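A closer look at the structure
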Amino acid sequence: MYSSLRNAFACLSLFVLVFALSVTGRPATFLEDFKITWSDSHIKQIDRGRAIQLILDRNSGCGFASKRQYLFGRVSMKIKLIPGDSAGTVTAFYMNSNTDTIRDELDFEFLGNRTGQPYTVQTNIYARGKGNREQRVNLWFDPAADFHTYTILWNHHHIVFYVDDMPVRVYKNNEAKGIPFPKLQPMGVYSTLWEADNWATRGGLEKIDWSKAPFYAYYKDFDIEGCPVPGPSNCASNPSNWWEGTTYQLLSPLEARKYKWVRMNHMIYDYCTDKSRFPVTPPECVAGF
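Keep in mind the model is a prediction, meaning the values are calculated, not measured. (Residues numbered from 1 in each chain as written. Predicted model: local features only at pLDDT ≥ 70, side-chain atom pairs only at ≥ 80, totals over all residues. Heavy atoms only, no water.)

We now examine the overall build of the protein. Tallying secondary structure elements over the protein gives four helices and 15 strands in all. Taken across its 289 residues, the protein has 50% of its residues classed as buried. Relative to all contacts within the protein whose residues are 6 or more apart in sequence, the contacts with residues 24 or more apart total 67%. In the structure as shown, the protein presents an accessible area of about 14100 Å², 56% of it carried by carbon and sulfur atoms. (Helix = DSSP H or I, 4+ residues; strand = E, 2+ residues; numbered from the N terminus. Buried < 20%, exposed > 50% of the residue type's maximum accessible area, 1.4 Å probe, protein only. Contact = heavy atoms within 4.5 Å. Areas by Shrake-Rupley, 256 points an atom, 1.4 Å probe, with all protein chains shown as cover.)

This is the structure in structure tokens:
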């Protein structure tokens, strides 16, 4: 009997290990799932690698990326943005297929501000090489005072950008109406801190004040749950993945109310209504989010 129990426990342990390798979760440390891709002198590990500090100064910005790519799932990080006068800076958290021509990309870009002004978060979506789908929301809290969770949920039904538990952007899969949706190319997870004062704050009117440098952003609780590529070939098409479940195919009624509140009270730009750029409304805007 005890031998049978030991064998059963060993099989269960092996199953858990295989599942963990195919549907990855939160790493113990930054370097377990990520690597520095730009200016390693400007990224410092904190708390034995469970958090990091990104630095921007006159010499350089910096960036990091996941060691693997993923096809569908959920990615989230807790970020504390640059405090005070951060005008002209951009802190970005995004997924990218790293392909030259037919690029897929899901962007969070946090646009710095003058002291006392709200931080703006810009989202953008590239599908089969086409982007220019910017939306901007002014955050309703100070994202430099504490850590907040920023999440990208990507499944076969839609893409949802969350700030904490608030949906701020939804992009539905409307392929049946001829609208591109990223579903074929795996994407890596990236983040950068850089200077972009030619456009980031008030369209480039507000320049970076280098006397306030260095600028710091902080990250922790890196969480990737998705199908790694390379990995099990049937993972991405498996309807049993939790992120493909009924709960995640549509916003819940509570999430829908939160999303409406964000759009009504905090959205400051939507490409769908920008007739100067798009005299003809983009088809995904007509199809509905």
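Quick look at empty space enclosed by the protein now. Under the counting rule described, the total for this entry stands at two cavities of 30 Å³ or more. There is about 30 Å³ of room inside the second largest cavity. Lining of the second largest cavity is provided by Tyr70, Phe72, Gly73, Arg74, Val75, Met95, Trp154, Ile224, Glu225 and Gly226. Within the residue set of the lining of the second largest cavity, elements represented by two or more residues are strand 5 (69-80) and strand 14 (215-229). Ranked by the residues each element gives to the lining of the second largest cavity, the list is headed by strand 5, at five residues. Taken together, the residues of the lining of the second largest cavity sort by class into six nonpolar, two polar and two charged. (1 Å grid on protein atoms, 1.4 Å probe; cavity = no way out; pocket = protein on both sides within 12 Å on 5 of 7 lines; lining within 4 Å. Points joined across faces, edges and corners; volume = space filled by probe spheres on them. Nonpolar A, V, L, I, M, F, W, Y, C, P; charged D, E, K, R; others polar.)

The subject of this paragraph is the state of the cysteines. By the definition in use, this model includes two disulfides. The disulfide partner of Cys227 is Cys235, and the S-S distance across this bridge is 2.1 Å. Taking the torsion about the S-S bond as the criterion, the Cys227 to Cys235 disulfide, at about -75°, is left-handed. Note on Cys235: relative accessible area 5%, which makes it buried. Here the cysteine-cysteine linkages of the protein are recorded as 1-2, 3-4, numbering only bonded cysteines and doing so in sequence order. (Disulfide = S-S within 2.5 Å.)

For the protein, per-residue confidence averages 90 on the pLDDT scale, and 90% of positions sit at 70 or higher. Under a pLDDT of 50 for its full length, residues 2-6 has, in the predicted model, zero contacts with residues more than four places off or in other chains. Ignoring residues within four places in sequence, the model shows residues 8-22, a span with pLDDT below 50, making seven contacts including any to other chains. (pLDDT = per-residue confidence, 0-100.)

As a further point, take the nonpolar core. Phe64, Phe108 and Tyr150 are the most contacted members of the largest nonpolar core, which totals 57 residues. Formed by eight residues, the second largest nonpolar core is a distinct cluster that contains Ala65, Tyr94, Ala196 and Ala200. (Core = buried A, V, L, I, M, F, W, Y, C linked by side-chain atoms within 4.5 Å.)

Let's shift gears to the sheet that holds strand 11 (residues 158-163). The strand order across the open sheet built from seven strands is 2-3-14-5-10-11-12, with neighbouring strands paired in antiparallel fashion. Looking along the sheet, the strands with just one partner apiece sit at the ends: strand 2 (43-46) and strand 12 (166-172). Shown here is a sheet whose adjacent strand axes are inclined to one another by a mean of 20°, direction ignored. Two elements, strand 11 and strand 12, share six bridges in a ladder whose sense is antiparallel. Among the inter-strand pairings, Val163 is bridged to a residue of strand 12, identified as Met166. (Pairing = 2+ DSSP bridges. Axes fitted to C-alpha atoms, helices over the stretch in contact; angles between N-to-C directions.)

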